[in-house]
Amino acid sequence: MSRPSHRSLGVLAVLVLATSVLVGCSEPSRTDGAPPRNPPTTTSTPSVSETTPTPTPTAPTVGEVSDARWAAMVRTGAWRPGCPVDRDDLRELEVTYVDFEGVDRRGVLVANRDVVGSLGRIFVTLHERGFPIERMDPVEAFDGDTLKSLQANNTSAYNCRRPDQINAPVLQSPHANGRAIDINPDLNPWMDLRCRCWSPRATHAERTPAPGKILADDATVRLFEDEGWIWQNIDVADYMHFDTGYPSKAWTSPRD
């Protein structure tokens with residue numbers, strides 16, 4: 001067997017060295033299940049739910065009072081025998097509002113069927129204007145306790161009121177007939193002559209402009225008045241309150 005020449009040995013050494021360099025620069029195979037240190041870049045398409053959250057609907061919806069809600073209204077005393085309207089006279093109105101953090105939310109108002117169309121239009125406009133609402137739940141969410149609802153700065157409409165919280169003849173009351181609404185009541189309190197005190201508290205009784213407050217002849221008052229509603233329709237300050245007239249009776253908006 002002939003011996004390789006010095007030139008052949010040199011070429012072989014170069015080939016071995018080149019192969020070693022190539023092997024040393026490659027990623028060693030992994031046996032521990034871990035991913036490569038430098039995985040290849042891939043382009044994936046996120047799902048629609050990851051990139052486009054479902055927007056809050058803005059159109060109002062109207063429906064009959066559900067069995068569950070009616071049961072809660074009766075249980076908490078928001079409705080009881082002797083109230084001037086019954087289940088068939090009332091509707092659930094669901095609207096979109098913007099809260100004080102600028103987030104769109106859906107709220108529910110229980111109101112007389114002859115005012116829900118008007119209220120729906122009003123709240124579409126309030127939402128478009130960015131008028132903030134703290135929260136919007138019927139009073140049964142507060143066990144029928146009007147004061148708790150006011151203290152929570154809760155916007156609500158129908159309320160026949162429990163006997164220990166009545167402040168107007170029930171048959172004539174706009175709230176008991178479902179033709180009144182209280183908006184941001186903590187920011188827009190009323191003067192309760194039974195205690196000669198602001199309810200739910202006096203903190204925001206001064207009429208200085210602020211988000212969510214209602215002032216004389218402001219855009220919110222004019223919006224309701226254009227629909228035929230009246231602001232604070234009593235002899236004392238009641239900044240939260242709009243209704244369609246006292247004593248309450250069947251009603252049609254001038255815009256209908």
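Before any of the text, the structure's been laid out above.
Fair warning: this is a prediction, and the values are worked out from it, not measured in the lab.

So, about the overall build of the protein. Along the protein, the regular secondary structure elements total six helices and eight strands. Of the regular secondary structure in the protein, the N- to C-terminal order runs α-α-β-α-β-β-α-α-β-β-β-α-β-β. The 256 residues of the protein split such that 42% are buried.

What the three strands build is an open sheet, ordered β1-β2-β3; its pairing is antiparallel. With one partner strand each, in any of the chains shown, β1 (61-64) and β3 (104-112) form the two edges of the open sheet. Here the strands of the sheet are splayed against their neighbours by 25° on average, with no regard to which way each runs. As defined by bridge partners, β1 adjoins strand β2 (residues 90-98) across four bridges and the pair is classed as antiparallel. Bridging across to β2, E64 finds its partner in R91.

All right, on to helix α4 (residues 116-129) then. Helix length check: α4, at 14 residues, gives a terminal C-alpha distance of 20 Å against a target of 20 Å (1.5 Å per residue), a fit within 8%. Within α4, burial applies to V116, S118, L119, G120, I122, F123, T125, L126 and H127. Against the buried residues of α4 lie β1, β2, β3, β4 (180-182) and α6 (219-226). Backbone geometry just downstream of α4 places G130 in the positive-phi region, at approximately 75°.

Strand-to-strand pairing in sheets goes through backbone hydrogen bonds, with the strands running parallel or antiparallel. The strand order across the open sheet formed by three strands is β4-β8-β7, and the pairing between neighbours is antiparallel. At either end of the open sheet lies a strand with only one pairing partner, and these are β4 and β7 (230-231). Relative to strand β8 (residues 241-243), β4 is paired through three bridges, and the arrangement is antiparallel. Its bridge partner lying in β8, A180 is registered against D243.

This part takes up unusual backbone geometry. Residues other than glycine predominantly adopt negative phi, and peptide bonds predominantly adopt the trans conformation. At the junction of S199 and P200, the peptide bond is cis and its omega measures out at 5° in the coordinates. Along the chain, the position of P200 falls in the loop between β6 (197-199) and α6. Across the junction of Y246 and P247, the peptide omega takes the value -5°, indicating a cis bond. Position of P247 relative to the elements: it lies in the segment after β8. One non-glycine residue, D143, adopts positive backbone phi at about 60°. The topology assignment puts D143 in the loop between α4 and α5 (146-151). With a relative accessible area of 45%, D143 lands in the partly exposed category. For N153, which is not glycine, the phi torsion reads 60° and is therefore positive. Among the secondary structure elements, N153 is positioned in the loop between α5 and β4. Taking relative accessible area as the criterion, N153 reaches 7% and is therefore assigned buried.

So, about the nonpolar core. Within the largest apolar cluster, 26 residues are counted, with the highest numbers of intra-cluster contacts made by L119, F123, I181, I183, F224, W229 and F242. Taken together, the elements giving at least two residues each to this core come down to β2, β3, α4 and α6. If you tally residues by element for this core, the top one is α4, at five residues. In contact with L119, not counting residues within four places along its chain, are L93, A111, I181, F224 and W229.

As a further point, take the environment of P163. Relative to the assigned elements, P163 resides in the loop between α5 and β4. Sequence separation between P163 and R80 is 83 residues, and the spatial gap between their C-alpha atoms is 9.8 Å.

This brings us to the side chain of S199. Topologically, S199 is positioned in strand β6. On the basis of relative accessible area, S199 is assigned to the buried category, the value being 9%. Ignoring sequence-local partners within four residues, the contact set of S199 consists of L147, L150, P189, W190, D192 and M240.

Here is what the cut-offs are and how they apply
- Residues numbered from 1 in each chain as written.
- Predicted model: local features only at pLDDT ≥ 70, side-chain atom pairs only at ≥ 80, totals over all residues.
- Heavy atoms only, no water.
- Helix = DSSP H or I, 4+ residues; strand = E, 2+ residues; numbered from the N terminus.
- Buried < 20%, exposed > 50% of the residue type's maximum accessible area, 1.4 Å probe, protein only.
- Pairing = 2+ DSSP bridges.
- Axes fitted to C-alpha atoms, helices over the stretch in contact; angles between N-to-C directions.
- Expected span 1.5 Å × (residues − 1).
- Contact = heavy atoms within 4.5 Å.
- Core = buried A, V, L, I, M, F, W, Y, C linked by side-chain atoms within 4.5 Å.

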